[in-house]
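Overview (structure and organization)
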Amino acid sequence: MNKATMNRQKKVILFLCNWSPHAAFLHLQDDKRDIPDEVRMVRVPCSGRVDRSLVLKAFAMGADGVALIGCAPGTCRYGSGTPTSLRNTDDTGRIIDLMGIGQERLRFASFLPEQSDDLLEFLQSFLNELRDLGPTPVKALAEEAAKVKNVVPPKDAVAALVAKHEIHACQDCGKCSSACPLALVGKPFSARGIATSVINNELYKKNVQENVWSCLTCGLCYQRCPSAVNFPAFIKDLRNLYRKNTIHGHEAHAGFLHSLMRSMASPEMIPQRWREMPKELQIDDESKVLFYGGCAPYFDIFFGKHMKLETEKILFDSIRLLNFFDVTPRLLKDERCCGHDLLWSGEAEHFMKVAALNVERLNSLGIEKMITSCPECYMTFNTTYPEHGLKLNFEVVHLYEFLEKEIERGAVAFSALDRAITFQDSCRLCRLEGKAELPRKLLENIKSKQFTEMRESGNAAMCCGNTAWTGCDSYSKAMQVKRLQQAGETGADLLITSCPKCQIHLQCTMQDPFRSEELQIEMQDLASVIVQTIHWK
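In this text the structure is predicted, and so the values were computed from the model without any measurement.

Cut-off values and rules
- Residues numbered from 1 in each chain as written.
- Predicted model: local features only at pLDDT ≥ 70, side-chain atom pairs only at ≥ 80, totals over all residues.
- Heavy atoms only, no water.
- Helix = DSSP H or I, 4+ residues; strand = E, 2+ residues; numbered from the N terminus.
- Buried < 20%, exposed > 50% of the residue type's maximum accessible area, 1.4 Å probe, protein only.
- Areas by Shrake-Rupley, 256 points an atom, 1.4 Å probe, with all protein chains shown as cover.
- Lys, Arg positive; Asp, Glu negative; His and termini not counted.
- Charge placed at Lys NZ, Arg CZ, Asp CG, Glu CD.
- Pairing = 2+ DSSP bridges.
- Right-handed = clockwise from strand over helix to strand, strands pointing away.
- Phe/Tyr/Trp six-rings, centres within 6.5 Å; stacked < 30°, edge-to-face > 60°.
- Lys NZ or Arg CZ within 6 Å of the ring centre and 35° of its normal.
- Expected span 1.5 Å × (residues − 1).
- Contact = heavy atoms within 4.5 Å.
- Axes fitted to C-alpha atoms, helices over the stretch in contact; angles between N-to-C directions.
- Disulfide = S-S within 2.5 Å.
- Core = buried A, V, L, I, M, F, W, Y, C linked by side-chain atoms within 4.5 Å.
- Salt bridge = Lys/Arg side-chain N within 4 Å of Asp/Glu carboxyl O.

**Focus on the overall build of the chain**
Counting secondary structure elements, the chain contains 25 helices and 14 strands. Burial status across the chain gives 58% buried among its 537 residues. When the accessible surface of the chain is split by element, carbon and sulfur atoms take 49% of a total near 22,500 Å². Each charge sign in the chain was given a centre, from 65 positive and 66 negative side chains, and these centres are 4 Å apart.

**Section: the pairing of strand E8 (residues 395–398)**
Where strand E7 (residues 369–372) meets E8, four bridges bridge the pair, whose relative direction is parallel. The partner of Ile371 across the bridge, within E8, is Val397. A crossover connection joins E7 to the parallel E8 through helix H18 (residues 375–387); in handedness this β-α-β unit is right-handed.

**Regarding the packing of aromatic side chains**
Tallied over the entire structure, the rule returns 16 aromatic pairs. Taken together, Phe256, Phe299, Phe302, Phe303 and Trp469 form an aromatic cluster joined through their ring pairs. We note Arg52 situated over the ring of Phe302; from NZ or CZ to the ring centre the distance is 4.1 Å. Positioned above the aromatic ring of Trp344, the side-chain terminus of Lys236 is 5.0 Å from the ring centre.

**A closer look at helix H4 (residues 81–99)**
With 19 residues, H4 should cover 27 Å at 1.5 Å per step; its first-to-last C-alpha distance of 26 Å lies within 8% of that length. For H4, a buried count of 14 out of 19 residues is recorded, marking the element as mostly surrounded by other parts of the structure. Two residues or fewer past H4, Gly100 is found with a positive phi of approximately 100 degrees.

**Quick look at the environment of Leu14**
Tracing the chain through its elements places Leu14 in strand E1 (residues 12–17). Spatially, the C-alpha atom of Leu14 lies 4.7 Å from that of Met41, the residues being 27 residues apart in sequence. In contact with Leu14, not counting residues within four places along its chain, are Phe25, Val39, Arg40, Met41, Val42, Ala67, Ile69 and Leu123.

**Some points on the pairing of strand E4 (residues 106–110)**
Pairing of strand E3 (residues 65–70) with E4 involves five bridges; the strand directions are parallel. Of the residues in E4, the one forming a bridge with Ile69 is Ala109. Tracing the backbone out of E3, into H4 and back to the parallel element E4 gives a crossover that is right-handed.

**Considerations on the sheet that holds E1**
Pairing in this open sheet of four strands is parallel, and the strands run E2-E1-E3-E4 from one edge to the other. The open sheet terminates on both sides in strands that have one partner only, identified here as strand E2 (39–44) and E4. Sheet twist, expressed as the average angle between the axes of neighbouring strands with direction ignored, equals 20 degrees. Inspection of the sheet shows E1 paired to E3 by five bridges, in the parallel sense.

**Quick word on the sheet that holds strand E6 (residues 330–331)**
The four strands lie next to each other as E6-E5-E7-E8, forming an open sheet whose pairing is parallel. Each edge of the sheet is formed by a strand with only one pairing partner; in this case those strands are E6 and E8. In the sheet, strand E5 (residues 289–292) pairs with E6 via two bridges, with the strands oriented parallel. Residue pairing across strands places Leu290 opposite Arg330, the latter belonging to E6. Packed on one face of the sheet, helix H15 (residues 312–324) meets E5, E6 and E7 and runs near 160 degrees to E5.

**Concerning the state of the cysteines**
Each disulfide is one covalent bond, formed between the sulfur atoms of two cysteines. Evaluated as defined, the whole model comprises zero disulfides. The thiol of Cys374 is not disulfide-bonded; the next cysteine sulfur, from Cys377, is found 3.8 Å away. A relative accessible area of 11% means that Cys374 is categorised as buried. Take Cys463: it sits in no disulfide, and the sulfur closest to it among the cysteines is that of Cys427, at 3.9 Å.

**Remarks on the nonpolar core**
In this structure, Val66, Met99, Leu362 and Phe381 are the most contacted members of the largest nonpolar core, which totals 102 residues. In contact with Val66, not counting residues within four places along its chain, are Ile13, Phe15, Val55, Ala58, Phe59, Arg105, Leu106, Arg107 and Phe126. Listed in part, the 33 residues of the second largest apolar core include Phe189, Leu203, Val212 and Leu238.

**Re the pattern of salt bridges**
A complete count under the given rule lists 31 salt bridges for this structure. Across the pair Glu251 and Arg243 runs a salt bridge, and its minimum N-O distance is 3.1 Å. Glu251 sits in the partly exposed class, given a relative accessible area of 23%. Notably, a salt bridge pairs Asp317 with Lys313, separated by 2.7 Å at the nearest N-O pair. Within this pair, Asp317 and its partner Lys313 are both found in helix H15, separated by four residues, close to a single helical turn. A relative accessible area of 35% means that Lys313 is categorised as partly exposed. Through salt bridges that share partners, Arg243, Glu251, Arg262 and Glu347 make up one connected network.

**Looking at the environment of Met261**
Within the fold, Met261 resides in helix H13 (residues 256–263). Its relative accessible area of 3% is what places Met261 among the buried residues. Here the alpha-carbon distance between Met261 and Phe189, two residues 72 residues apart in the chain, equals 28 Å. Excluding anything up to four places from it in sequence, Met261 contacts Cys337, Asp341, Leu342, Val354 and Trp469.

So, to be careful, I would describe these as geometric facts and stop short of saying anything about function.
What follows is the structure, encoded as structure tokens:
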């Protein structure tokens, strides 16, 4: 192997604090020490400024290893830089371990200015370990946006998009705007305005781009449209057209979750899921029924710094319910993301790569049925894959469908739930899949003190304020405040959800330091509530 090839395969990104560590690094350069050629140094004001998204992006762009080099404890010029860097390293390490990259490829170290020899020894040791590990399993993802910016989509592509979704059928009646939750909280947003602008080939206008990336794709406008214009699908394809022409939109959380999902398109990357299962759960590696979990474990780690999340508990409770009905499911230990967020944030190319890998892997298992509790996974496998010509050779079932059939057979009962409850619908399951009544049939079995629907519920339910991690602004926060206020108006002390992202977005809003007390309400997933109360007669 020649040196150029070795360097390309063993690229180490070194995020180096501008203070003590940089002084140590300068000593190495001044003394003409043998700094490994594979090291790419990125000088930063403080290692604590290197957030998790930047670390993951380095891996997504092909780094074999990443090191954060900060100041020794107690010497940080900013006070909190070293502990912040340690926390970010730990969080990101746990996530890349789940992804299959391996947390041993990420390191934090601290050095004083006089410790240049120790710094060099660290770099050489880290590089030797990376050589033993071999190349990263993540295929480097090219950043085309760095080459060309804001290229206007060609007119023929725009015309084809307008024809595909019959945008000319828009009657300019305004029913979409009167239903849109973003417009109702004051955002200058108009679905029909976007439609008109696209027809006039005005996609390059700043306000049009802003609105395309702000759309929640929640489906309320589609439901109200007298011409049945599928606006969410139109926005999805429009975002893809934008990205093809390097008009990039908003990626919340500095793009961390998008980098995670893009990495799933690498065939060599083998995720390492389901390693911390409760011991009482019964699993069968030969079962004809597969339970598909989704991305909840990644969410719990990523958002755990700001709020106490337990969305992975939804998966464990779902398996408990399957066990209750004598189903011992198979779990896919190398389970990937379904690709939902990639597609709905305009990355159709990466979505198709992830989806193709999923179809090949899942079809090889010999299963007859796949059950999932995630609304987005369900819609993606059940509807989106077939729409894109991807055929699964087994049945896709949502957990609620399974539970409804099993409960209808009788012989089960429910203990009293001493709580007043209300329910938050998932946009994907409720409107885009047309199953608003499915969770309500299950809710009817729960013997709560009181069940009161919020003012906007069922097919008219308000979205939780975000989708596909494409944006998060003051208007989406206003929506979430409004939704939590509606929950409080019902007198409920428990808000039951059906989607892990609803819990994340609503719980995030509860962290508001000025309105926290007003907005607080306990949340549990429907599967978790059922598992607490169901029993055999």
